[in-house]
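Okay, here's what each chain looks like letter by letter:
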Amino acid sequence: MDTVSLAWGESDGWQPQAIGQVRSDLVLYFGSRAMLADGDRYRELRLMFPNARLMGCTTGGQIHGDELDDGLNAI
């Protein structure tokens, strides 16, 4: 089994961009309610992984590598 981790950012979209080279059977995705509400991320993932089963849910924060984004801004 091979795994790949992607991250989406408002300014740079999905990273890494070369993900089209990966053939996946299952894609698990997580994001804030606001990020997933309009369905754009789902449609983008569907285009990148046309034959995969997509399963996603909302979270209170996102962890990618050693970074945590909980949507809170320090003042």
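Residues numbered from 1 in each chain as written. Predicted model: local features only at pLDDT ≥ 70, side-chain atom pairs only at ≥ 80, totals over all residues. Heavy atoms only, no water.

Enquirer: Mind showing me how you'd approach the overall build of the chain here?
Expert: Across its full length, the chain carries two helices and six strands. Scanning the chain from its N terminus toward the C terminus, one meets helices and strands in the order β-β-β-α-α-β-β-β. By the burial criterion, 21% of the 75 residues in the chain qualify as buried. Here the contacts in the chain between residues at least 6 apart in sequence split such that 59% fall between residues at least 24 apart. As presented, the chain carries roughly 6,200 Å² of accessible surface, and 52% of it is formed by carbon and sulfur atoms. (Helix = DSSP H or I, 4+ residues; strand = E, 2+ residues; numbered from the N terminus. Buried < 20%, exposed > 50% of the residue type's maximum accessible area, 1.4 Å probe, protein only. Contact = heavy atoms within 4.5 Å. Areas by Shrake-Rupley, 256 points an atom, 1.4 Å probe, with all protein chains shown as cover.)

Enquirer: Honestly, unusual backbone geometry in this entry has me stumped. Any pointers?
Expert: For residues other than glycine, phi is negative in most cases, and the peptide bonds are mostly trans. Cis geometry is found at the peptide bond from Gln15 to Pro16, where omega equals 0 degrees. With respect to the helices and strands, the residue Pro16 is situated in the loop between β2 (13-15) and β3 (26-31).

Enquirer: I would appreciate a short explanation of the pattern of salt bridges in the present structure.
Expert: Close approach of charged atoms allows side chains of opposite charge to pair. Applying the stated rule across the entire model yields two salt bridges. The salt bridge partner of Asp40 is Arg43, with a shortest N-O separation of 2.6 Å. Taken together, the positions of Asp40 and Arg43, both in helix α2 (residues 40-48) and three residues apart, correspond to about one turn of that helix. With a relative accessible area of 46%, Arg43 lands in the partly exposed category. With its nearest N and O atoms 2.9 Å apart, the salt bridge here joins Arg41 to Glu44. Linking Arg41 with Glu44, this pair stays in helix α2, spanning three residues, or about one helical turn. (Salt bridge = Lys/Arg side-chain N within 4 Å of Asp/Glu carboxyl O.)

Enquirer: Just checking my understanding: could you explain the nonpolar core for this structure?
Expert: Across soluble globular proteins, you tend to see nonpolar side chains buried next to one another. Grouped together as the largest cluster of nonpolar side chains are ten residues: Leu6, Trp14, Val27, Tyr29, Met35, Leu36, Leu45, Phe49, Ala52 and Leu54. When residues of this core are traced back to their parent elements, those giving at least two are β3 and α1 (33-36). Val27 has contacts with Leu45, Phe49, Ala52, Arg53, Leu54 and Met55, leaving out every residue within four places of it along the chain. (Core = buried A, V, L, I, M, F, W, Y, C linked by side-chain atoms within 4.5 Å.)

Enquirer: Explanation requested: the side chain of Arg41 in the structure shown.
Expert: With a relative accessible area of 10%, Arg41 lands in the buried category. Not counting chain neighbours up to four residues away, the residues in contact with Arg41 comprise Trp8, Trp14, Met35 and Leu36.

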